Amino acid sequence: MLDHAASGLRLLGARVINGIIRLGYGSRFFVLVLLRSGTSFRRFHLTVREVYFAGVLSLVIIVVSGIFVGMVLGLQGYDTLQKYGSSESVGSLVALSLVRELGPVVAALLFAGRAGSAMTAEIGLMKATEQLQAMEMMAVDPIARVVGPRFWGGVLSMPLLAALFSMVGIFGGYLVVVVTIGVDSGAWWSQMQDAVDFKNDIVNGLVKSFVFGVAVTAIAVFEGYDAPPTAEGVSHATTRTVVTSSLAILGLDFVLTAFMFMGD
Amino acid sequence: MSRATLDLWVGIFVAAGIVALVLLALKVSNASTSFRADKEYTVSAEFQNIGSLKAGAPVRSSGVMVGRVEAVSFDTAKYVARIVLKIDERYPFPKDTTAAVLTSGLLGEQYVGLEAGGDDQRLKDGDVIRLTQSAVVLEKLIGQVLFDKAQDTGSGKK
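Every chain begins its residue count from 1, and numbering advances along the sequence as written. Chain letters start at A and ligand numbers start at 1, both assigned in the order the entries are written. Under the rules for a predicted model, residues below a pLDDT of 70 receive no local features and side-chain atom pairs below 80 are neither given nor counted, while totals for whole chains, interfaces and linings still include all residues.

Brief notes about the overall build of chain B
Then comes step 1: From N to C terminus, chain B includes two helices and eight strands.
Then comes step 2: Listing each helix as α and each strand as β along chain B from the N terminus yields α-β-β-β-β-β-β-β-β-α.
Then comes step 3: The principal-axis extent of the C-alpha atoms belonging to chain B is close to 95 × 45 × 30 Å.
Then comes step 4: Within chain B, contacts between residues at least 6 apart in sequence are counted, and of these 63% link residues at least 24 apart. A helix here means a DSSP run of H or I that spans at least four residues, while a strand means a run of E at least two residues long, and both kinds are numbered starting from the N terminus. A pair of residues counts as a contact when their C-beta atoms, built from backbone coordinates, are separated by no more than 7 Å.

Okay, structure coming up:
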């Protein structure tokens, strides 16, 4: 009985210690990436290539999801608001929810699934096929040459993707609410401009998406670099990237929202 | 994929992102409509009750935006609310202008409405608007109606 309790506690302790070790390892890796990111800017075409893979190739999923999220928001918002006779303010509802929350958060979740998992798989496979070691043999630092550009490419793409998501979502809402349902287009835009503040809403949304970009790409490159060099290891690392970064996005979003919008 | 095509796509992506940001700033947010006057003058006004008026609220006259509420404070000498208004210099107002706290629509935001009087003298920088009309507080309004009703029945008019 006592033995069982002890072994259970031992298991718990081992898990906690393991988690802390990985967190410390990950943080040191993150600092290392930042310290060695000179190459990413000196040879900027390396980063541009990663912007292509992380950003441009995510465009389709971001734009399509943005349109649909905006359309659904418009429909649902109109359905509820017209009961109170204020269907004109559906514009401000759509814009505020997209710019403040859904734009940064949903874009980051999609980015984690689309680009983060690809980054982990790529770096993990490079490790499994000993390409990283080969680079080290040739005195090329794999963190500066492989990890850095991927990290910065993701960080640069994320705010742009979030802005595109919000804008396309607002356009989707416009299609449903103004073009299809027939709410006045002037009221749609003017109510929106009344409600959305540039500094408080748009800049804060951008700050959010930047933080999410750092979190997702940092987790993705770390999981890839840390993956056991086997097929199973890489597949587990890819799964962990998506799960961990999604949880990190949602947790960070709550913390950031609490700081940004509880001020007054 | 050749370097040139890759650069082109990244260029398109970055340009589209920046266009989206500019659209968000100009079309969606108040960055374009926010009140910007080259020269403005400052006047203050005292109110018994300003409702939920906040700094940054618009100042309108006949529905046209002429300025902004700069600051809201509470005066403990007289126990009234004191607000500071910044008004565009293109719009001079007479000295006996009335300021009222109004609401746009039934549940909309509150703003300060200015109604010009007939004085020859103009409001100058630092002047105080004497004639003010407080915000309508719903509870007080209902109380008034009930009170009037009770008085009417009590005096036997009806």
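So, the overall build of chain A
Then comes step 1: Within chain A, the secondary structure is distributed over 10 helices and zero strands.
Then comes step 2: Counted from the first residue to the last, chain A has its helices and strands arranged as α-α-α-α-α-α-α-α-α-α.
Then comes step 3: Counting over 264 residues, chain A shows a buried share of 44%. With C-beta atoms placed from the backbone, the exposure class of a residue follows from how many other C-beta atoms lie within 10 Å of its own: 20 or more, buried; 12 or fewer, exposed; in between, partly exposed.

Description of the environment of Ala-71 of chain B
Then comes step 1: Secondary-structure assignment places Ala-71 of chain B in strand S3 (residues 64-75).
Then comes step 2: In the structure, Ala-71 of chain B is positioned 22 residues away from Asn-49 of chain B in sequence and 15 Å away in space, judged by C-alpha atoms.

Comments concerning the interface of chain B and chain A
Then comes step 1: With 19 residues of chain B at the interface, the matching set in chain A holds 23 residues.
Then comes step 2: Residue classes follow a fixed rule: Ala, Val, Leu, Ile, Met, Phe, Trp, Tyr, Cys and Pro count as nonpolar, while Asp, Glu, Lys and Arg count as charged, and any other residue, Gly among them, counts as polar. Its residues placed into classes, the side of chain B that touches chain A shows 13 nonpolar, four polar and two charged.

What about the domain arrangement of chain B?
Then comes step 1: The start and end points of each domain follow an automatic or database-based domain assignment. The domain boundaries assigned to chain B delineate domain 1 (1-34) and domain 2 (40-142).
Then comes step 2: Taking the mean C-alpha position of each, domain 1 of chain B and domain 2 of chain B sit 41 Å from one another.

Quick look at the nonpolar core
Then comes step 1: Any nonpolar core is a set of buried residues, restricted to Ala, Val, Leu, Ile, Met, Phe, Trp, Tyr and Cys, that join up through C-beta atoms within 7 Å. Judged by nonpolar contacts, the single largest core of 74 residues is most densely connected at Ala-108, Leu-161, Leu-164, Val-216 and Val-221 of chain A.
Then comes step 2: Considering each element in turn, this core owes the most residues, 21 residues, to helix H7 (residues 142-181) of chain A.
Then comes step 3: With near-sequence residues (within four places) excluded, Leu-164 of chain A lies in contact with Ile-62, Val-63 and Gly-66 of chain A together with Ala-16, Gly-17 and Ala-20 of chain B.
Then comes step 4: The next biggest cluster of nonpolar side chains, apart from the first, holds 21 residues, and it includes Val-43, Ala-45, Ala-81 and Leu-123 of chain B.

Details of unusual backbone geometry
Then comes step 1: Look at Ala-139 of chain A: it is not a glycine, yet its phi comes out positive at around 60°.
Then comes step 2: You can see Ala-139 of chain A is positioned in the loop between helix H6 (131-137) and H7.
Then comes step 3: On the basis of neighbour counts, which here come to 6 C-beta atoms within 10 Å, the residue Ala-139 of chain A falls in the exposed class.
Then comes step 4: A positive phi angle, near 55°, is found at Tyr-79 of chain B, a position not held by glycine.
Then comes step 5: Looking at where Tyr-79 of chain B falls in the secondary structure, it is placed in the loop between S3 and strand S4 (80-88).

Considering the sheet that holds strand S5 (residues 98-103) of chain B
Then comes step 1: Strand pairing is defined by DSSP finding a minimum of two bridges between the two strands. The strand order S7-S1-S4-S3-S2-S6-S5-S8 (chain B) describes an open sheet built from eight strands, whose pairing is mixed. The two strands at the open ends of the sheet, each matched to only one other strand, are strand S7 (128-129) and strand S8 (131-133) of chain B.

Quick notes on the confidence of the model for chain B
Residues and elements named next belong to chain B.
Then comes step 1: The predictor rates its confidence in each residue with pLDDT, a number between 0 and 100. A residue-level look at chain B finds 91% of positions with pLDDT of 70 or above and a mean pLDDT of 84.
Then comes step 2: The least confident element of chain B, judged by mean pLDDT, is helix H2 (residues 138-154) at 84; the most confident is S4 at 90.
Then comes step 3: Interface confidence for the predicted complex, given as ipTM, is 0.81, next to a pTM of 0.77.

Some thoughts on the packing of helix H4 (residues 59-81) of chain A against helix H5 (residues 90-128) of chain A
All names here are of chain A.
Then comes step 1: Put simply, H4 and H5 touch, their axes get as near as 10 Å, and they point 145° apart. As H4 packs across H5, the resulting crossing turns out to be right-handed. The segment H4 lies against H5, with Ile-61, Ile-62, Ser-65, Val-69, Gly-70, Leu-73, Gly-74, Gly-77, Tyr-78 and Leu-81 engaging Val-90, Leu-93, Val-94, Ser-97, Leu-98, Leu-102, Val-106, Ala-107, Leu-110 and Arg-114.
Then comes step 2: Split by residue class, the contact of H4 with H5 holds 14 nonpolar, five polar and one charged. Orientation is described by axes fitted as lines to C-alpha atoms, over the contacting stretch for helices, and by angles from 0 to 180 degrees between their N-to-C directions. Crossing handedness: left-handed means the near helix sits turned counterclockwise from the far one by under a right angle, and right-handed means the same turn made clockwise.

Brief notes about H7 of chain A
All names here are of chain A.
Then comes step 1: A rise of 1.5 Å per residue sets the reference length of H7, with its 40 residues, at 58 Å; its end C-alpha atoms lie 55 Å apart and thus fit the reference within 8%.
Then comes step 2: Note on bend: at a given residue it equals the angle between the axes fitted to the 7 residues ending there and to the 7 starting there. Along H7, the helix axis deviates most sharply at Gly-148, where the bend reaches about 35°; the proline Pro-149 sits within four residues downstream.
Then comes step 3: Counted residue by residue, H7 has 32 buried out of 40 residues, so it is predominantly covered.
Then comes step 4: Gly-182 sits one or two residues past H7 and shows a positive phi near 95°. Helix span is expected to be 1.5 Å times the residue number reduced by one.

What about the pairing of strand S6 (residues 110-115) of chain B?
The two faces of the sheet receive side chains in turn, since in a regular strand these alternate between them.
Residue and element names in this part refer to chain B.
Then comes step 1: Where strand S2 (residues 58-61) meets S6, two bridges bridge the pair, whose relative direction is parallel. Across the sheet, the residue bridging to Val-59 is Val-112, located in S6.
Then comes step 2: Here S5 runs beside S6; their pairing, made up of six bridges, is antiparallel. Within S6, the residue paired with Ala-100 across the bridge is Gly-113.

Some remarks on the pairing of strand S1 (residues 40-47) of chain B
Residue and element names in this part refer to chain B.
Then comes step 1: Residue alternation in S1 divides its side chains into a buried set, Tyr-41, Val-43, Ala-45 and Phe-47, and an unburied set, Glu-40, Thr-42, Ser-44 and Glu-46.
Then comes step 2: Direction of pairing for S1 relative to S4: antiparallel, over a ladder of eight bridges. Note on S4: the bridge partner recorded for Val-43 is Leu-85.
Then comes step 3: Two elements, S1 and S7, share two bridges in a ladder whose sense is parallel. When the bridges of S7 are listed, Ala-45 appears paired with Ile-129.

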